[in-house]
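Remarks on the overall topology
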Amino acid sequence: MMQRIVECMKNNDLSQLMCAPFNNPTMQQLATDMSTALKNIRTHLNEEETKHQYYENLLNQVDTAVIVCYPDGRTEWMNKPAQRLLGNCNRLPDIIHAALINKQAVVQLSHSPVPAELSVSATHIQLKGKTYWLVSLKNIHTALEHTEMEAWQKLIRVLTHEIMNSITPIISLADTLSERSKSATSTQADSTMQQGLQIIRRRSKGLLEFVENYRKLTRIAPPAKSDIRIKDFFEDLKQLFADPHITFDCPDTPQTWKADRGQMEQVFINLIKNAQEACRDNPSASVSVRAYTSDGQWKFIITDTGEGMLPEVTERIFLPFFTTKPGGSGIGLALCKQITVLHGGQIAVTSEPDKGSTFTLTFPV
């Protein structure tokens, strides 16, 4: 019986059941325990194999190249995106290996099957006393191209929509005036022409304003940064908004914020005005503006208890020319975002219908 157990384990056959060679309670119990042990080992190995297949399939489906290699560059395992990027190689390309050693974040890989600009990162792991590198390679050139293409497509859709909305009625009206001027009397023709010209003027003026707004988005000057005391900055904003429902709160600290004061006033005025408008139908609503430092960053929180926004609105709120206001231009928040990014900061919004909105601006100290 013992020899049979050994043969089964040598041949990885863990499906056998042990039978006692003679009728003895102790021997029968031993055979049962051995059968249970083999079954437990078989179950454990099956679970491990299932996990292995699951993780391997998962890593093969992601769009990031993942490689397990030794510190000298010899590869142990590669997922399918890595094989497509580098081919079936036994070693990392020298340029990638050198980037890992020198902690270089980006490399230009021109001799691979697919030329690419790669973001490179690695994590050291220890397995069975050996050191491995878990390397990830991300083709950032493709990602940037995709993002750039999406941005252009959105911009072209907006421009086409706005221009067509203005040009189409102008063309139609011009055709109508031309037809009527042929058959009408001089007095009627003059009157019709005057009305038509007024409409053309209004539509042309609207189109001109749209183009001017677009120019504003593309001609933001680089920020001229200076040291700003937050308390003084908030005091100036208070003078602009003499509204008891708006409160300002900031730490009384000598620490300053380095920013372009004029551009930042433009950002805060825009955000506070939007918050005021969100509260106009609720007399008890309020707006709070507060500032504090956290983790080496200045954080500015502008919160209102107004009407709030739907999720589909918050997703598009910073897109140029997107607006929910009847007379809005749709460039205010887009300008806020551009100015914030030029200062090395970030802007984000959270909102809930009928409960209000919160804009969070983060800048390096």
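All figures in this text were calculated on a predicted structure; none of them were measured in a lab. (Residues numbered from 1 in each chain as written. Predicted model: local features only at pLDDT ≥ 70, side-chain atom pairs only at ≥ 80, totals over all residues. Heavy atoms only, no water.)

With respect to unusual backbone geometry
For clarity, the cut-off: Accessible area is worked out with a 1.4 Å probe on protein chains only. A residue is then buried under 20% of its type maximum, exposed over 50%, and partly exposed in between. Numbering of helices and strands runs from the N terminus, with a helix taken as a DSSP run of H or I at least four residues long and a strand as a DSSP run of E at least two residues long.
In this model, Lys103 sits at a positive phi of 55 degrees, which is unusual for a non-glycine residue. Judged by relative accessible area, Lys103 falls into the exposed class, the value being 77%. Even without being glycine, Asp354 reaches a positive phi, approximately 70 degrees. Note that Asp354 resides in the loop between strand E11 (346-352) and strand E12 (356-364). With a relative accessible area of 69%, Asp354 lands in the exposed category.

Section: the side chain of Thr358
Short version of the rule: Pairing of N or O atoms within 3.5 Å defines a polar contact, subject to two protein rules: one partner must be a possible hydrogen donor and the other a possible acceptor, and residues neighboring in sequence count only if both atoms are side-chain atoms. Working rule for contacts: check all heavy atoms of both residues, and any pair within 4.5 Å makes them a contact.
The residue Thr358 is located in strand E12 in this model. Among the polar contacts made by the side chain of Thr358, one reaches the side chain of Thr303 at a distance of 3.4 Å. If we skip the residues at most four places from it in the chain, Thr358 touches Ile301, Ile302, Thr303, Ala348, Val349 and Thr350.

Topic: the sheet that holds E12
Here is the rule: Two strands pair if DSSP finds at least two bridges between them. Only the stretch in contact is used when a helix axis is fitted, and all axes are lines through C-alpha atoms; the angle between N-to-C directions ranges over 0 to 180 degrees.
Within the open sheet, the 5 strands sit side by side as E7-E9-E10-E12-E11. Their pairing is mixed. Two strands close off the open sheet at either side, each with one partner strand: strand E7 (246-249) and E11. Ignoring strand direction, the axes of neighbouring strands in this sheet form an average angle of 15 degrees. Pairing analysis gives 4 bridges linking E7 to strand E9 (residues 287-294), with the strands arranged parallel. In the sheet register, Asp249 faces E9, and the bridge partner there is Arg290. Across the face of the sheet, helix H8 (residues 261-278) comes into contact with E7, E9, strand E10 (297-304), E11 and E12 while running at roughly 25 degrees to E10. The strands touched by helix H10 (residues 332-342) within the sheet are E11 and E12, with E11 carrying the most contacts at an inclination of about 140 degrees.

Let's talk about the pattern of salt bridges
Note the threshold: By definition, a salt bridge exists where a carboxyl oxygen of Asp or Glu is found within 4 Å of a side-chain nitrogen of Lys or Arg.
Under the defined criterion, the tally for this structure stands at 7 salt bridges. One salt bridge connects Asp227 with Lys258, and the closest N-O pair in it is separated by 3.4 Å. Of this pair, Asp227 sits in strand E6 (residues 226-228) while Lys258 sits in strand E8 (residues 257-259), placing them 31 residues apart in sequence. Between Lys238 and Glu235 there is a salt bridge, and its shortest N-O distance comes to 3.6 Å. Of this pair, Lys238 and Glu235 both sit in helix H7 (residues 230-240), separated by 3 residues, roughly a single helical turn. In this structure Lys238 comes out as partly exposed when scored by relative accessible area, which is 35%.

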